[in-house]
Every structure is written in C-alpha cells, then in structure tokens.
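Listed here are the chains, written in short residue letters.
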Amino acid sequence: MAAINPDDQGLRLAVRYAVLCLVAVIFVFPLLFMVMSSLKPSAQLLLDTKSIRAFLPVGDISLDNYRAAFDRAPIGVFVLNSVLITGVTVLLTIFVCSLAGFAFVFLDWKGRGVIFSILLATLIIPYETIFIPLLLMASQLPWISTEGLEIGWLNSYRVQVVPFIADGLSIFLFVQFFRDLPRELIEASRVEGASWWAIYRRIVMPLSGPVIATAAILKFLFMYNQYLWPLMVVQDESIRPVMVGLGYFTDQLNVPWGEVMAYLTVITVPVLAFYLSLQKVFISSVASTGVKG
Amino acid sequence: MATRIDQSNKAGWLMAGPGIFLMTAFIIVPFFLAFAFSLTNQRLASPNATEYVGFDNYRGLLGVAVFTLEPERDDAGEVVIDDDGEISYPRLRNFTRNNPDYPNLAGKREWFSWQWGDDRIVILAADVVFMKALINTFTFVFVVAPVQAAVALGLALLINQKMRGISIFRALYFMPVVVSIVVVSLLWRFIYAPGDGLLNNLLGFFSFGAFDPRDWLGNPNTALGSIMAMSIWQGVGFHMVIWLSGLQTISPTLYEAASIEGANKRQQFRYVTWPGLRNTAVLILIVITMQAFALFAQIDVMTNGGPLDSTQVLVFQAVERGYGKQDISGGSTISVLLFVIVLSISLIQRYLTREKN
Amino acid sequence: MKHILKTTVAIGAMLVSTTAMAQTELSLWYHGAGSANAEEALVNQLVEDFNASQSDWNVVLETFPQLAYNDAVGAAALAGELPDILDVDGPIMPNWAWANYMQPLGIDEALIADFLPGTIGRWDGEVYSVGLWDAAVAIMTRRSTLEKYDIRVPTIAEPWTGDEFNAALEVIAASGDFDYPLDLGMAWTGEWYPYAFSPFLQSFGGDIVDRSTYQSAEGVLNGDEAIAFGEWWQGLFENNLAPGTSQDAAVRETGLLEGNYAMAWNGNWAALPVVEKFGDDALFLPAPDFGNGSTIGAASWQFGISGTSENSDGAREFIEFAIQQKYLSAFSDGTGLVPSTKAAAAETANYQPGGPLEVFFDLSEAQALVRPVTPGYVVSAKVFEKALSDIANGADVADTLDAAVDEINEDIERNSGYGH
C-alpha cells in the first residue's frame, strides 16, 4: 500500500466536513429564516426574501413582532393548553399502553391473539379518516362532572386528550420491547408468588426506559403538532391549543407576517430546545425501534 | 391449575382492558360509523332525516365509462380539420348532458383520453376530482416512499462515520422532524413563492441568472413535486436515524472479512450492508407508505388542492366534503376507500417482503 | 372552567348592581379574533355598554378567528352548545336558519325600516338577522391614471360597458407603466371569490343558481351568458391583464398604493388607505356593465339569535340595543364599512354628504344584489370558487361550468331541495 499523504487525509476530511455542512444548511435554513424574520417588520421581511438578507439579522431588528403577537392573541394560554394536553396524554398513554402491552406479552387470557391482531390492524387507519364520525360521536358522549350529567364532549380538554390515549403504535412498541425482556426474571418472581401488578411495577417498568422514551416522544410530537382535530372540536379561546391559535394570525385578510413568524418561533423554539437538550435520548430511542422492528 | 388460568384471565383483561376499551370506543367504533355513514346520505347539519342509500355514494365516486368520440365529418364524409391542423371533434358535453341516447354517460366528465386512429377514446369518470385525488395520492406515495427511504439511507451512510462532532450533524438533520408540518408548510410557502421567492433567488444565483423564476405552487406541473420535496425534507431525518441504528447492528467483523477477501466499498455495501439492513428496510418502507397516505396538512396550508386539482389528495377531499361541504356521507365514503387502499397496499408489501424460508 | 366563569360573572354582577336581582347570562359569539383592530374594540365597547344599561342580562363575548368561525358554530350546533347570540355572515344565514341553528329574530320591523336591504337577513318570510353595516366593492383607481390614458370616468348612472372596460385595460397594459392594469384580489381565497366576482357573472346575465326556484343551476351557471363570462374571465389572466391565483397576498394589500396596479377591485374596508395616499385623486368607480346591469355584492356580518337559545328575549334586546344609530356610526368610523342607514351615515366621518367614501353608500343602495338566498349557498359558494379558480388557471370554460352546475344540482337534490 502506498504511503498515505497527510495532506490528502486533511483534504479528504475537509471535504467530508464541507459536505456535512452543506447538507446541514439544507435542513436548517427554513428555521433560520423563521427566526430571523420574526425580528424584522413585515414589510422588510417580505423584501428580504429576495436575497440572502432573509437569513441575516440585518435592518430594523427588534422584538416588536413578539410584543404585537402577544397583544393580538393570548399566546401564553395557547402554549399552556398545549403543554397541559400533551403532557397529560403522554402520561396516560404510557400507563395505559404499557399495561396493555404487558398483558399481551406475559399473561394468557381468552381472546388475546385475536384482539391483538385487531389492534394492530388499526395502525392502518389514518386519524383524519375517522375524525368526522368521531366528531359526531363526541358531541353525544356523556360525562359526569361537578354539575352532574353533561352530554357532549366538544369544546373541552377531555375531547382533546381521551381519544388519543390508546393507539395501536404505542401498544405495539411496548409489546415488541417486552417480548425481548429476559423471561427468567419474570418467571422467578411468579414462583415467589408476586402478583402481576407487582411484577409490572417493580420489574418490567423500571427496565423499560428506552421504550417509554420512544412512545413518549412519538406521542408528544403527535399531540403538540395536532392541527385538524382541535380545529374541529375546540371553540373556547381558553382551551385552544397552539396550532389553532395560528388562525388568529393567518386568518386575517392582511396577514401580519412578522407576527406570524414571531408566533411560529414562540411555538417551535421550546420544542426545538427540548429536543436539542435531550437529542441523544431522542435519537437513540427512535433508533431502538428500528432494530427491534 | 384452573385458578391460575382464571387469575391470569382476569388479570389479563383488567390490565389490557382500559387500552382495549379506549381503542374500541375511539378508533374502531368511529371507523365502523364511517362505513355506516357511507351507506347513507348523512349531512353535517340538516333538518331532513338521514336515509339509507346503499352504495350510491360509492357509485358516485368510482363510476367510470368508456366512450369513443368520432371526428366530425363534412358532407362528403371527410374528416374535418380545424384551424390548428387538428382533427375536429364534437364537444363531449353534447353526449353527457341532456342526451337521452347515452344514459350511462350522464353527469360524467372526461378524465383522460387518447388518440386511436381518427377517433378519440375517452375515459369518463363520475367524479373526476376524486379520480385526480386518487392518482395524486398514489403518485405521492409511490414517489415519496422510495425516495425518502433512499435519501435517508444516503444520509445515514454519510453520518455513520467516526468524525468529531458527527453527533451535531445528526442532531441538525433530525431537527425538521420535531417541527410541526403546519409550521413547515408556512415557511416553505415563502421558499416556493413565485417571482422573488427564496428558492427562485437561490437557483438564479447559482445559475448566474440563467434560471427563470418559476411559480412552484401555482403551476400544475410542479405543485405536487414541490410538496413532495418539502415532505421528504421534513421526514427524512426520522428514517435516517432508523437506518443508522440498523447499520450499526451489522457486525464489524463481517466488514473485515469482506475487505480481507478484496471487496471494494461498493461490493461491501451490496453484500454486507444491504442484506443486514433488510428488516430495517421493510419497517421503514411500510411506515413511510402509511404516513404518506395520510397527506393533508401541507395541502390545506399551501395549495387547497389546486392548481387545477394537481395537489388534490384523498384525505383533503374527505375533509373538504365531510366538513366543508357538510356532506358527511361523502367524506366517510372516501375515508372507507382510503382504508381499503392502505390495507391492500400494506398486505401486498408484507407479502412481497416476507421472509422466504 | 364554565363553572368558574359563571360564578365570577354572577358575583361581579351582584357587586355592580344596586338591587339583588340575579342576572341571566347571554353568550355572544363573534368572528374576528386576532384582528387587533377597531372592530374588536368596538364590539367589546358595545357589550360593556349594554351590560351597563340594564340589569336583567349580562352578555359575555367569545371571539373566533374568522376563517374558523363557521366551522366552530357547526361543531357547537352538533353538540347542542350554541351561544345565545350569533354573529353570522349574510349569505350563510339561510343555511343556519334551515338547519335550525337560528330562530326568527322577532324584531319590530319599524326599527329596521330604513336599513339598507343587504343588511337585513330574511329567510322563508321571516327576519333572522340584521347587520350594523354593509360592505361594498368598487374599482379603485386614480383620476390622474384615467386622464393619462384618455379613459372616461364612469358614474353610477353611466358605468363602463364591457367593451369600454376591456379597451381601457388593454391601453394601460400596452403602456407598460404597471405590472398589471387590474388587481382582482385572487390572493384572497375563500368567500371573497363568490362575493366579489359573482356580480360580474350577473352582469353578463348568468348567476350561481336559478333564483326563481333555487332548485337548479342549469342554464344559469353554464348557459351562453355564463360561458361568455367564463371566457372573459379566462381572458383576463391569459392576456396578463390581472394577476392570477398565485398572487402574493402582501402585494394585494399594497399594490394599488405602490403603483404595481393601475386599478384594484376592492372593498370599502380597504378604501381609507387609498384616500389617505391619493387624496382627491382617489376614485371609486362602479363595476362595468356587461349587458345585464352593473351590480356589486351585498350583505356582511349580521347578528341573530341561535335556535337553541332559551333567552331569546334577552338576545333580541341586545340586538335592538346594538342597532341604535350611534353604534352604526361608531362601527362605520372604526372599520370604514357602510353604515346601515342613511341617517347614521350622515353622522360618520366618511359617509356623510361630501365624505370621502360617500360613493360606497350610493353604490350599495343602487347596485347591491345579495348572493343567492338559499341554504345551499354553503356548497354552491365553494363550487363556484373552485370553478373561478380553475378557469383562471386555464381549464376549459364550458366543462368547468358544467361540472359546477352538476355538483350544485346534485347537492340540492341530496338535500331535498333545501326547503324551498
């Protein structure tokens, strides 16, 4: 083998980094555009799209758009609602779906196989196709509250949370993960007389970090970014989530683009920050689904 | 022995119960409701009672007919040629509207046609917009699935190197995945803006002005492609990561063995990497396909199905009919058809990629 | 949440009123959330004034983004959770009345005797809604532009003929001074299309649906007149006389003012900036007459009582309070829209005799034609919008109009004629 020229090595490395950077730019530039535009007044921001200025913090930079956006719409309320709805759904999903997954894998009960197949089949049903019957259904469902029996779930927190707690994908993820757990551990505990509930709580769940993270992340992204369903079922401003709040800005005849960018930044940056700080966990848990799948 | 099984039975139902109940109530029941609605004329708001109409909705969506259009002939029996040098045909609407001789053509419109000698063979459809939505959805899925999977694989191979700071790049490539598709659609509207949009400016800059600005979303030929590109941009990071983990489970000893036997990089990929990625590939393809069929938000935010129905897709039509035009039965019919299509494709995919023992 | 709100409101009401009478709460839904303009402030003021003026009722306001408003009402109706007082867009009102979302207003007709016809919502012989303003559309341009190209200035009595109008556009286009001679506002998808463009169709002699029976659109939307309209419409875009569906919404807003466009077909809500910029040079002209008269659209947002409201007395009281002259003037001054009565107009800054926007009131009075008064409008508006869009993008005119007619007719049939 010929001697490796150190200059060649350095050059190759530089080329590799250049390619990586170029690709990175492709993935990042729209978000950069969003953040930069949120700092510029609408008229300038539209003009800047004609040049590289779109990505640079030049011109009349200020936080005016943010001030105006917060004036136009109760953004704090929207973000709080989204966080609440998303958080509650994620917690309940993990609980309900892990329990179901546990039952499918470790217990033997009548109808287990058939029901599992049916639940898997629902993976194919896109939510958008059942939203309309779901809407009609939700308008007639009963609910016991502090005021007694109420009919109709529309315009509430529960209609934004409950339909999404149990879904085929989450259960599938837990089932796949539990199947790979070492059986001896479980069997040993059974021999010692531990109840299924105890096994679930003390042995299986503590080992389930990766799958809990994956299911949580997928559900979080789904719930936080939900657009169509909240649009259809929520009317009260006080319980609107973030994506419906977008209409306050984009539904105007003369759209205030600067404020739109500010709003988009406000609702996206927390998710991005959360993601970037935990990205190793994010990515490794998503990756683990690939291996098991 | 019996009590243990009974206990297991009770515990099993108790633990799986909430999940089963919720899924039945909120996914399975609405789905069957959708099917039931598709057999009626249910409206969103109407003082009229709902009636059973059988498969009328399906006929209305899927009805097709074939018709041969003969050219106009003058008195001598010669074919009439019009000013552009093309054969002149009678207008199709003379046959499809108010023409008792052709009842099976009533209310249908031309879907597409082609030349056959002097005649034109015309395929008519009862609901041309639905047919376009069908074709567009299929086009989208069959282009995006392999392209997104391939690009993701390419990125994974790029990222799968031991270089300093590689995890930063991995994080950046994944970033669009966490951003809402609605946000992405709004931002890309600026990128695709005609005339002075960001993309046009970029292409003009790199081609030193040789490139003509295009109306990406306003031109029926480029609208769907633009949406495809944007959707791939958003989703590819997710699948890149799955490929990556698949790549990393391939034992390095296999690569060593291959290079000892003199295999170059390409052969290594073909004989070591690709077989090892089989399972991952199957999973990725199935997931992308199912996600692609649910295409909606990008259309709703960016094009509303236009221009000239070039970005019309199934879910968008289902929502527009069911919710926008208050026709729940029509929207439900499309939903049921979508389910049948996705189910068929999934089954075919599973069959084609099954483990051949 | 509702429970807490009710309690707070009740306690607040008790603290304010001098007697210990219990107030009944009235809910009011209004479109226009996030509009951050005078309209929202005025509605708030109206509600406050009403609440302060009497002690039987307390109105609580909830606002919605405009485009999502109709959907929100639909979903609420499904749940049986409609508010007491509804804000409804004029042409949608028949659909809501037919679906029992609204009940007849029961208002004393003397109170609305001199209201512009477009501001009163009638269906099936009853008054269901009444509006504080009407909206009008006109061709906005500058006198200096017309003079430069030797174009006659039309009046309401003598509008341009179709030929005159086309010739004017071509002359301006040939000069090359503007990006486009005419701005139609194609960027504003949605209800703008049927509202702004069906008057042109009507001027050619066609219509969205046959108004004698409301059972069919055949011959009306795809007859010879309608096809003539369609071809003229397509010609505007083919010959680059107007920007098409890809128009940038931002340019629509500023195009006339910045000189991109010579003329703009726009509504009176956009008129004030034009007056500000061009002063006496600003012109607001009637639509051309293509053979069947010159018309503009009519009917904007109106108030009505929801079908399920148990407090119709209170709701009616609120609406009667809202249509007092001072509010008509106040809203007009704040939004630039046409107040419902001439008397109120005389009190406003813009519509008083000699005011800059006075011509819009005259246009509304002389030429306004409401959109088809039928529950089927919800669907036919969407169908018509799509047809306009497709024709603008180059689709075959006759086929597109045929398809639109088929869809509208089928929808009417499926709904058993919509109660006509």
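Residues numbered from 1 in each chain as written. Chains lettered and ligands numbered in written order. Predicted model: local features only at pLDDT ≥ 70, side-chain atom pairs only at ≥ 80, totals over all residues. Heavy atoms only, no water.

1. Quick word on the interface of chain A and chain C
How large an interface is tends to be reported as the accessible area lost when its parts come together.
Logical step 1: Contacts between chain A and chain C engage 22 residues on the former and 24 residues on the latter.
Logical step 2: When chain A packs against chain C, the two sides together hide about 2100 Å² of surface, and 57% of this comes from carbon and sulfur.
Logical step 3: A per-residue breakdown of the area chain A buries against chain C is headed by Gln235, Asp251 and Leu253 of chain A, which together make up 26% of the total.
Logical step 4: Between chain A and chain C we count zero salt bridges in total.
Logical step 5: Between chain A and chain C we count zero residue pairs in polar contact (both at pLDDT 80 or more) in total.
Logical step 6: Where the side of chain A that touches chain C is concerned, the elements lending two or more residues are helix H6 (127-138), helix H12 (228-233) and helix H14 (247-250) of chain A.
Logical step 7: When grouped by side-chain class, the residues that make up the side of chain A that touches chain C number nine nonpolar, seven polar and six charged. (Contact = heavy atoms within 4.5 Å. Buried area = accessible area lost by both parts, 1.4 Å probe. Salt bridge = Lys/Arg side-chain N within 4 Å of Asp/Glu carboxyl O. Polar contact = N/O pair within 3.5 Å; in protein donor to acceptor, adjacent residues only side chain to side chain. Helix = DSSP H or I, 4+ residues; strand = E, 2+ residues; numbered from the N terminus. Nonpolar A, V, L, I, M, F, W, Y, C, P; charged D, E, K, R; others polar.)

2. Description of the pattern of salt bridges
Logical step 1: For the structure on display, the rule yields 27 salt bridges over all chains.
Logical step 2: The salt bridge partner of Asp396 of chain C is Arg91 of chain B, with a shortest N-O separation of 3.0 Å. A residue pair is termed interchain when its members come from two chains, as with Asp396 of chain C in the loop between helix H15 (377-392) and helix H16 (397-414) and Arg91 of chain B in the loop between strand S1 (64-69) and helix H3 (93-96).
Logical step 3: Given a relative accessible area of 36%, Asp396 of chain C falls into the partly exposed group.
Logical step 4: Judged by relative accessible area, which is 38%, Arg91 of chain B ranks as partly exposed.
Logical step 5: Between Asp207 of chain C and Arg211 of chain C there is a salt bridge, with its nearest N and O atoms 2.8 Å apart.
Logical step 6: Residue classification places Arg211 of chain C among the partly exposed positions, given a relative accessible area of 22%.
Logical step 7: Several salt bridges share partner residues, and in doing so they unite Arg43 and Asp327 of chain B together with Glu410, Asp411 and Arg414 of chain C into one network. (Buried < 20%, exposed > 50% of the residue type's maximum accessible area, 1.4 Å probe, protein only.)

3. Digging into the domain arrangement of chain B
Logical step 1: As far as domains go, chain B holds domain 1 (64-125) and domain 2 (129-352).
Logical step 2: The distance between the C-alpha centroids of domain 1 of chain B and domain 2 of chain B comes to 40 Å. (Domains from an automatic or database assignment.)

4. Points about the sheet that holds strand S2 (residues 109-116) of chain B
All names here are of chain B.
Logical step 1: As summarised here, the arrangement of the three strands in space is S1-S3-S2, forming an open sheet in which the pairing is antiparallel. Sheet topology places S1 and S2 at the edges, where each strand pairs with a single neighbour. Ignoring which end each strand starts from, the neighbouring axes of this sheet average 20° apart.
Logical step 2: Pairing analysis gives seven bridges linking S2 to strand S3 (residues 119-125), with the strands arranged antiparallel. Paired with Trp114 across the strands is Ile121, a residue of S3. (Pairing = 2+ DSSP bridges. Axes fitted to C-alpha atoms, helices over the stretch in contact; angles between N-to-C directions.)

5. Section: the environment of Ile408 of chain C
All names here are of chain C.
Logical step 1: Mapped onto the elements of the fold, Ile408 is located in helix H16.
Logical step 2: Judged by its relative accessible area of 3%, Ile408 is buried.
Logical step 3: Sequence separation of Ile408 and Gly219 is 189 residues, and the distance between their C-alpha atoms is 12 Å.
Logical step 4: Among residues more than four places away in sequence, those in contact with Ile408 are Ile208, Ala217, Leu221, Ser380 and Val383.

6. Comments concerning a negative patch on the surface
Logical step 1: A surface patch of like charges, here negative, comprises Asp82, Asp83, Asp84 and Glu86 of chain B.
Logical step 2: Residue Asp84 of chain B is classed as exposed on the basis of its relative accessible area, which comes to 66%. (Patch = residues over 30% accessible without salt bridge, like charges linked within 9 Å, V, L, I, M, F, W, Y side chains within 5 Å. Areas by Shrake-Rupley, 256 points an atom, 1.4 Å probe, with all protein chains shown as cover. Lys, Arg positive; Asp, Glu negative; His and termini not counted. Charge placed at Lys NZ, Arg CZ, Asp CG, Glu CD.)

7. Some words on the packing of aromatic side chains
Geometry of an aromatic ring pair is reported as the spacing of the ring centres plus the angle between the planes.
Residue and element names in this part refer to chain A.
Logical step 1: Going through the model one piece at a time under the given rule, you end up with 78 aromatic pairs over all chains.
Logical step 2: Measuring from centroid to centroid gives 5.0 Å for Phe104 and Phe116, while their planes differ by 55°, and the two rings are tilted. Taken together, the residues Phe104 in helix H4 (residues 75-106) and Phe116 in helix H5 (residues 112-121) connect sequence positions twelve residues apart. In this pair, the class of Phe104 matches that of Phe116, namely buried. (Phe/Tyr/Trp six-rings, centres within 6.5 Å; stacked < 30°, edge-to-face > 60°.)

8. Digging into unusual backbone geometry
Logical step 1: Positive phi outside glycine occurs at Gln326 of chain B, with the angle close to 60°.
Logical step 2: By the secondary structure assignment, Gln326 of chain B is in the loop between helix H13 (314-324) and helix H14 (328-352).
Logical step 3: Judged by relative accessible area, which is 9%, Gln326 of chain B ranks as buried.
Logical step 4: Here the phi dihedral of Tyr214 of chain C falls at roughly 60°; this positive angle occurs in a residue that is not glycine.
Logical step 5: Among the secondary structure elements, Tyr214 of chain C is positioned in the loop between helix H7 (192-204) and helix H8 (224-238).

9. Thoughts on the environment of Gly185 of chain C
Logical step 1: As for its position among the elements, Gly185 of chain C is in the loop between strand S9 (180-183) and H7.
Logical step 2: Once residues within four sequence positions are removed from consideration, Gly185 of chain C is found in contact with Trp192, Tyr193, Gln247 and Arg252 of chain C.

10. Remarks on the nonpolar core
Logical step 1: The biggest cluster of nonpolar side chains holds 201 residues, and the ones touching the most others in it are Phe102, Phe106, Phe178 and Leu264 of chain A together with Tyr173 of chain B.
Logical step 2: Residues in contact with Phe102 of chain A, not counting those within four places in the same chain, are Leu107, Phe178, Trp196, Ile199, Tyr200 and Val204 of chain A together with Met15 of chain B. (Core = buried A, V, L, I, M, F, W, Y, C linked by side-chain atoms within 4.5 Å.)

11. Side note on the sheet that holds strand S8 (residues 137-142) of chain C
Residues and elements named next belong to chain C.
Logical step 1: Sheet architecture is open: four strands sit in the order S9-S10-S8-S11, paired in mixed fashion. Each having just a single partner strand, S9 and strand S11 (282-285) make up the two edges of the open sheet. If you compare each strand with its neighbour and ignore which way they point, the axes differ by 20° on average.
Logical step 2: Where S8 lies against S11, four bridges are found, and the strand directions are antiparallel. Directly across from Arg142, in S11, lies its bridge partner Ala282.
Logical step 3: The strands touched by helix H6 (residues 162-175) within the sheet are S8, S9 and strand S10 (261-267), with S9 carrying the most contacts at an inclination of about 135°.
Logical step 4: Sheet strands touched by helix H9 (residues 249-258): S8, S9 and S10. Its angle to S10, the strand with the most contacts, is close to 120°.

12. Overview of the interface of chain A and chain B
Logical step 1: Each partner contributes to the interface: chain A provides 91 residues, whereas chain B provides 83 residues.
Logical step 2: The junction of chain A with chain B conceals about 7700 Å² of combined surface from both sides, 81% of it contributed by carbon and sulfur atoms.
Logical step 3: Applying the counting rule to chain A against chain B returns zero salt bridges.
Logical step 4: Per-class residue counts for the side of chain A that touches chain B are 71 nonpolar, twelve polar and eight charged.

13. Section: the packing of helix H2 (residues 38-53) of chain C against helix H11 (residues 312-322) of chain C
All names here are of chain C.
Logical step 1: Running from amino to carboxyl end, H2 crosses H11 at an angle of 115°, the nearest separation of the two axes being 10 Å. As for how H2 packs across H11, the hand of that crossing is right-handed. Only Gly314, Glu317, Phe318, Phe321 and Ala322 of H11 make contact with H2, whose side of the interface consists of Leu46, Val47, Asp49, Phe50 and Ser53.
Logical step 2: Looking at side-chain class alone, the contact of H2 with H11 contains six nonpolar, two polar and two charged residues. (Left-handed = near helix turned anticlockwise from the far one by under 90°.)

14. Regarding the domain arrangement of chain C
Residues and elements named next belong to chain C.
Logical step 1: Here chain C is described as being made up of domain 1 (2-134 + 300-365) and domain 2 (137-298 + 373-419).
Logical step 2: The C-alpha centroid of domain 2 is placed 29 Å from the C-alpha centroid of domain 1.
Logical step 3: With 24 residues of domain 1 in contact, the opposing surface of domain 2 contributes 22 residues.
Logical step 4: Of all residues in domain 1, the largest losses of buried area upon contact with domain 2 belong to Trp98, Phe360 and Leu363, amounting jointly to 31% of the total for that side.
Logical step 5: The tally of links from domain 1 across to domain 2 stands at zero salt bridges.
Logical step 6: Here domain 1 and domain 2 share two residue pairs in polar contact (both at pLDDT 80 or more) between them.
Logical step 7: Examining the composition of the side of domain 1 that touches domain 2, we find that five residues originate from one element, helix H14 (residues 358-367), more than from any other.
Logical step 8: Of the residues in the side of domain 1 that touches domain 2, the class split is 13 nonpolar, seven polar and four charged.

15. Focus on the pairing of strand S12 (residues 301-306) of chain C
All names here are of chain C.
Logical step 1: With six of six residues buried, S12 is to be regarded as a mostly interior element.
Logical step 2: Where strand S3 (residues 85-89) lies against S12, five bridges are found, and the strand directions are antiparallel. Note on S12: the bridge partner recorded for Val88 is Gln302.
Logical step 3: Looking at chain direction, strand S4 (residues 102-103) and S12 are connected through two bridges and run antiparallel. What sits directly across from Met102, in S12, is Ser306.
Logical step 4: Sheet topology places strand S6 (residues 126-130) next to S12; two bridges connect them, and they run antiparallel. Within the sheet, the bridge partner assigned to Val130 lies in S12 and is Phe303.

16. Notes on the environment of Val182 of chain B
Logical step 1: Position of Val182 of chain B relative to the elements: it lies in helix H6 (residues 181-191).
Logical step 2: Here Val182 of chain B falls in the buried class, since its relative accessible area comes to 1%.
Logical step 3: With 124 residues separating them along the chain, Val182 of chain B and Tyr58 of chain B place their C-alpha atoms 31 Å apart.
Logical step 4: Among residues more than four places away in sequence, those in contact with Val182 of chain B are Tyr227, Met243 and Leu246 of chain A together with Ala297 and Val301 of chain B.

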